[in-house]
Amino acid sequence: MSVSPSLELVSQNRSFAGWQCVYRHDAQRLQCEMKFGLYLPPQAEDQPCPVLFWLSGLTCTEQNFITKAGAQQYAALHGFIVVAPDTSPRGCQIPGADDSYDLGTGAGFYVNATQDPWARHYRMYDYVVSELPALISHHFKTEPHQWGIFGHSMGGLGALMIGLKNPSLFQSISAFAPITAPSLVPWGQKAFHAYLGEDRQTWAAYDPVQLVSQATQGSEILVDQGDADEFLEQLHPELFMAACAQANYPLKLRRHPGYDHSYYFIASFIGDHFAHHARCLGLGKDQ
């Protein structure tokens, strides 16, 4: 697939000596127009930079992370370009796409849908793994072997799943309150049934608990989970911890008393995640 050379700058704001931008482009894999946030650190003015992809959760757009997480100061400190795509295709006129918060618009689940009416547009896996990285590399100066991925909730699922499946592209992984076993919980079952059909072997290809047993050993995964999270029954961090232990895959699971599922939780520990990725990618503060 050829990379579209066209990016439209939607907004640009100075932040921590860098630039928080939003871009719009025609997404070939999704066959619709998409927006994504992109933070350019001050280091990007004169050198290639490492890249972090942030995947957001249900109902979010590219705006939630860039306005609520407080990430720019840490991206500037470590010299990361940070890419924050939208969570689904939009404006595709798919029947039922706006009927509920956990399916359709704002709920792409980072899979490649195989079932109608979703299959034509809902290919978020290909968008995140293939199209968007190619677009970023085409338009910005990046370090090709210093890319990481992280996310929250549904986006935490996406980060774990995509990172485990693509270790040569994303060499570091972390997540906040991820859906770790989507095949076993209502959010995941609803989305997987609609997007992927009845075959649970197909589901397994997007399920972190099942994927980690087959994954190539990589750097330690960091997962943060609040113990006051109102959606714990959808997340099951203990299942991912057990799967990592069985596979001998390095995992640091941190539980935080009193923290819920919100961006207040994310903002409290986002600096630790940037430091985690910097360590895994071999960066120093002056990168």
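Here, every reference points to the structure presented above.
Now for a quick tour of the structure. (Residues numbered from 1 in each chain as written. Predicted model: local features only at pLDDT ≥ 70, side-chain atom pairs only at ≥ 80, totals over all residues. Heavy atoms only, no water.)

1. A short note on the pairing of strand 5 (residues 81–85)
Most of strand 5 sits out of view: 5 of its 5 residues are buried. A two-sided burial pattern is seen for strand 5, the buried positions comprising Ile81, Val83 and Pro85 on one face and Val82 and Ala84 on the other. In this sheet, strand 5 lies alongside strand 3 (residues 32–40) in antiparallel orientation, the contact comprising 4 bridges. In the strand pairing of strand 5, Gly37 is matched with Ala84. Bridge analysis of strand 4 (residues 49–55) against strand 5 gives 3 bridges, and the strand direction is parallel. Bridge assignment links Phe53 to a residue of strand 5, and that residue is Val83. (Buried < 20%, exposed > 50% of the residue type's maximum accessible area, 1.4 Å probe, protein only. Helix = DSSP H or I, 4+ residues; strand = E, 2+ residues; numbered from the N terminus. Pairing = 2+ DSSP bridges.)

2. Some details on helix 3 (residues 124–139)
The principal kink in helix 3, of about 30°, is found at Glu131, preceding the proline Pro133 by one to four residues. Along helix 3, the residues classified as buried are Met124, Tyr125, Asp126, Tyr127, Val128, Val129, Glu131, Leu132, Pro133, Leu135 and Ile136. In the core, the buried residues of helix 3 are packed alongside strand 2 (18–27), strand 3, strand 4, strand 5, strand 6 (142–152) and helix 4 (154–165). (Bend = angle between axes of the 7 residues up to and from the residue. Contact = heavy atoms within 4.5 Å.)

3. A short note on the sheet that holds strand 3
Pairing is mixed in the open sheet, where 9 strands are placed in the order 1-2-3-5-4-6-7-8-9. Each of the sheet's edge strands pairs with one partner strand only, and the pair in question is strand 1 (8–15) and strand 9 (251–256). Here the average twist between neighbouring strands, direction ignored, is 20°. As paired elements, strand 6 and strand 7 (residues 172–176) share 5 bridges and run parallel to each other. In the sheet register, His152 faces strand 7, and the bridge partner there is Phe176. Each of strand 8 (221–226) and strand 9 touches helix 9 (residues 237–247); the most contacted strand, strand 9, lies at about 155° to it. (Axes fitted to C-alpha atoms, helices over the stretch in contact; angles between N-to-C directions.)

4. Remarks on helix 9
Looking at helix 9, one finds that the buried residues are Pro237, Phe240, Ala243 and Cys244. All buried residues of helix 9 fall inside an arc of 125° around its axis, so they share one side. Helix 9 presents Ala245 and Gln246 as exposed residues on the side facing more than 90 degrees away from its buried surface. Against the buried residues of helix 9 lie helix 4, helix 7 (208–211), strand 8, helix 8 (232–235) and strand 9. Positive phi shows up at Asn248, right after helix 9, with a value of about 55°. (Arc of directions from axis to C-beta.)

5. Topic: the side chain of His152
Mapped onto the secondary structure, His152 falls in strand 6. Once you skip the residues sitting within four places of it in the chain, His152 turns out to touch Trp54, Leu55, Ser56, Gly57, Phe176, Ala177, His261, Tyr263 and Ile266.

So, to be careful, I would describe these as geometric facts and stop short of saying anything about function.
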